[in-house]
Amino acid sequence: MNAWLSPQENSNGTPTQRQLDGLKRLRGIARVPNKSEAVTSKEEAEKLYGSD
């Protein structure tokens with residue numbers, strides 16, 4: 001059982017407003033990098049961050 005859910009909320013299957021608000025808050029805290037920010041090659045990484 002999920003700690004976020006009461007038994008009534010858990011049996012429904014659709015998110016409650018309380019759950020949606022919690023997810024919105026967490027989404028604001030978490031930072032998931034955009035795919036366009038991903039470094040895809042060693043050369044690109046060295047250009048951005050320098051080589052050691």
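Here, every reference points to the structure presented above.
The rules behind each value
Residues numbered from 1 in each chain as written. Predicted model: local features only at pLDDT ≥ 70, side-chain atom pairs only at ≥ 80, totals over all residues. Heavy atoms only, no water. Helix = DSSP H or I, 4+ residues; strand = E, 2+ residues; numbered from the N terminus. Areas by Shrake-Rupley, 256 points an atom, 1.4 Å probe, with all protein chains shown as cover. Buried < 20%, exposed > 50% of the residue type's maximum accessible area, 1.4 Å probe, protein only. Patch = residues over 30% accessible without salt bridge, like charges linked within 9 Å, V, L, I, M, F, W, Y side chains within 5 Å. Salt bridge = Lys/Arg side-chain N within 4 Å of Asp/Glu carboxyl O. Polar contact = N/O pair within 3.5 Å; in protein donor to acceptor, adjacent residues only side chain to side chain.

Enquirer: Residue-level account of the overall build of the protein chain, with values.
Expert: If you tally the helices and strands in the protein chain, you get three helices and zero strands. Beginning at the N terminus, the succession of helices and strands in the protein chain can be written as α-α-α. Here the protein chain displays about 4900 Å² of accessible surface, and carbon together with sulfur accounts for 53% of that area.

Enquirer: Give me helix H3 (residues 42-49): which residues, what numbers.
Expert: Counting buried residues in H3 gives zero out of eight residues, a small share hidden from the surface. Count one or two residues on from H3 and you reach Gly50, which has phi positive near 80 degrees.

Enquirer: Talk me through a nonpolar patch on the surface; I want residue IDs and the actual numbers.
Expert: A grouping of Leu20, Leu23, Leu26 and Ile29 is seen on the molecular surface, where their side chains present a nonpolar patch of about 360 Å² in accessible area. Inspection of the secondary structure puts Ile29 in helix H2 (residues 17-29).

Enquirer: Quick one: what's the story with the environment of Thr40, residue by residue and with numbers?
Expert: With respect to the helices and strands, the residue Thr40 is situated in the loop between H2 and H3. Residue classification places Thr40 among the exposed residues on the basis of a relative accessible area of 69%. A distance of 3.1 Å separates polar atoms of two side chains, one belonging to Thr40 and the other to Glu44.

Read these as spatial facts, not as claims about activity.
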